[in-house]
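One letter stands for each residue in the lines below.
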Amino acid sequence: MKELEKAIEAYLVKRAASDTDFAVKFDEGLQKGKTIKECCRYIEGEARNYASGSCVCVPDEEVYGWAVHYFTEDKV
């Protein structure tokens, strides 16, 4: 598993443990076939919008927000 996938999974699991509303959405997303791997692909795509040439810097909070968005929205 890539480092990004590990970090995103750890964040989402921790968030689900402390936020019951998110936990429900996260579980629903997983049951609908959403995956951490696909979530990371979504994040990488969003990060490309910030790119200047081949370089991109995105705050952690933004990245984790995209991960939450991926699992809470029906269509991303």
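Residues numbered from 1 in each chain as written. Predicted model: local features only at pLDDT ≥ 70, side-chain atom pairs only at ≥ 80, totals over all residues. Heavy atoms only, no water.

*Asks:* Is there a simple way to explain the overall build of the protein in this structure?
*Replies:* What the protein contains, in helices and strands, is four helices and zero strands. Mapped from its N terminus to its C terminus, the protein presents α and β elements in the order α-α-α-α. Over its C-alpha trace the protein gives a radius of gyration of 12 Å, about what one expects of a compact globule, namely 11 Å for 76 residues. Dimensions along the principal axes, computed over C-alpha positions, put the protein at roughly 40 × 25 × 20 Å. Within the protein, the fraction of its 76 residues that count as buried is 28%. Considering only contacts within the protein whose residues lie at least 6 apart along the sequence, 67% involve residues at least 24 apart. (Helix = DSSP H or I, 4+ residues; strand = E, 2+ residues; numbered from the N terminus. Rg over C-alpha atoms; globule rule 2.2 N^0.38 Å. Buried < 20%, exposed > 50% of the residue type's maximum accessible area, 1.4 Å probe, protein only. Contact = heavy atoms within 4.5 Å.)

*Asks:* Looking at this structure, how should I read the packing of aromatic side chains?
*Replies:* Two descriptors summarise a pair of aromatic rings, namely the distance from one centre to the other and the angle between the planes of the rings. Inspection of every chain in the model, using the stated rule, returns six aromatic pairs. Seen in terms of ring centroids, Tyr 50 and Trp 66 are 5.6 Å apart; in terms of plane orientation they differ by 65°. Their pairing is edge-to-face. Here Tyr 50, found in the loop between helix 3 (36–48) and helix 4 (60–72), pairs with Trp 66, found in helix 4; they are 16 residues apart in sequence, far enough to count as distant. Among the aromatic residues, those joined into a cluster by ring pairs are Phe 22, Phe 26, Tyr 42, Tyr 70 and Phe 71. Seen from the ring of Phe 22, Arg 15 lies directly overhead, with NZ or CZ sitting 5.4 Å from the centre. (Phe/Tyr/Trp six-rings, centres within 6.5 Å; stacked < 30°, edge-to-face > 60°. Lys NZ or Arg CZ within 6 Å of the ring centre and 35° of its normal.)

*Asks:* What exactly am I supposed to notice about the environment of Glu 46 here?
*Replies:* Summarising the element assignment, Glu 46 is placed in helix 3. Sequence separation between Glu 46 and Phe 26 is 20 residues; the distance between their C-alpha atoms is 20 Å.

*Asks:* Any chance you could explain the pattern of salt bridges here in plain terms?
*Replies:* A side chain with one charge may pair with a side chain of the opposite charge, provided their charged atoms come close. Evaluation of the coordinates by the stated rule reveals five salt bridges. Note that Glu 44 and Lys 2 form a salt bridge whose closest N and O atoms lie 3.9 Å from each other. Taken together, the residues span a long stretch of sequence, with Glu 44 in helix 3 and Lys 2 in the segment before helix 1 (3–18) at a distance of 42 residues. Overall, the relative accessible area of 30% leaves Glu 44 in the partly exposed class. (Salt bridge = Lys/Arg side-chain N within 4 Å of Asp/Glu carboxyl O.)

*Asks:* What is the right way to look at the environment of Asp 21 in this model?
*Replies:* Within the fold, Asp 21 resides in helix 2 (residues 20–31). In this structure, the C-alpha to C-alpha distance between Asp 21 and Thr 72, residues 51 residues apart in sequence, is 9.7 Å.

*Asks:* Help me understand the packing of helix 1 against helix 4 in this model?
*Replies:* Each pair of packed helices can be described by the angle between their axes along with the distance between the axes. Look at helix 1 against helix 4: their axes get within 10 Å of each other, and the N-to-C directions meet at 65°. Between helix 1 and helix 4, the crossing angle belongs to the class labelled roughly perpendicular. Read as a crossing pair, helix 1 and helix 4 show a hand that is right-handed. Between helix 1, through Ala 7, Ile 8, Tyr 11, Leu 12 and Arg 15, and helix 4, the contact on the second element is made entirely by Val 63, Tyr 64, Ala 67, Val 68 and Phe 71. Residue composition of the contact of helix 1 with helix 4, grouped by class: nine nonpolar, no polar and one charged. (Axes fitted to C-alpha atoms, helices over the stretch in contact; angles between N-to-C directions. Parallel < 35°, antiparallel > 145°, perpendicular 65-115°, else oblique. Left-handed = near helix turned anticlockwise from the far one by under 90°. Nonpolar A, V, L, I, M, F, W, Y, C, P; charged D, E, K, R; others polar.)

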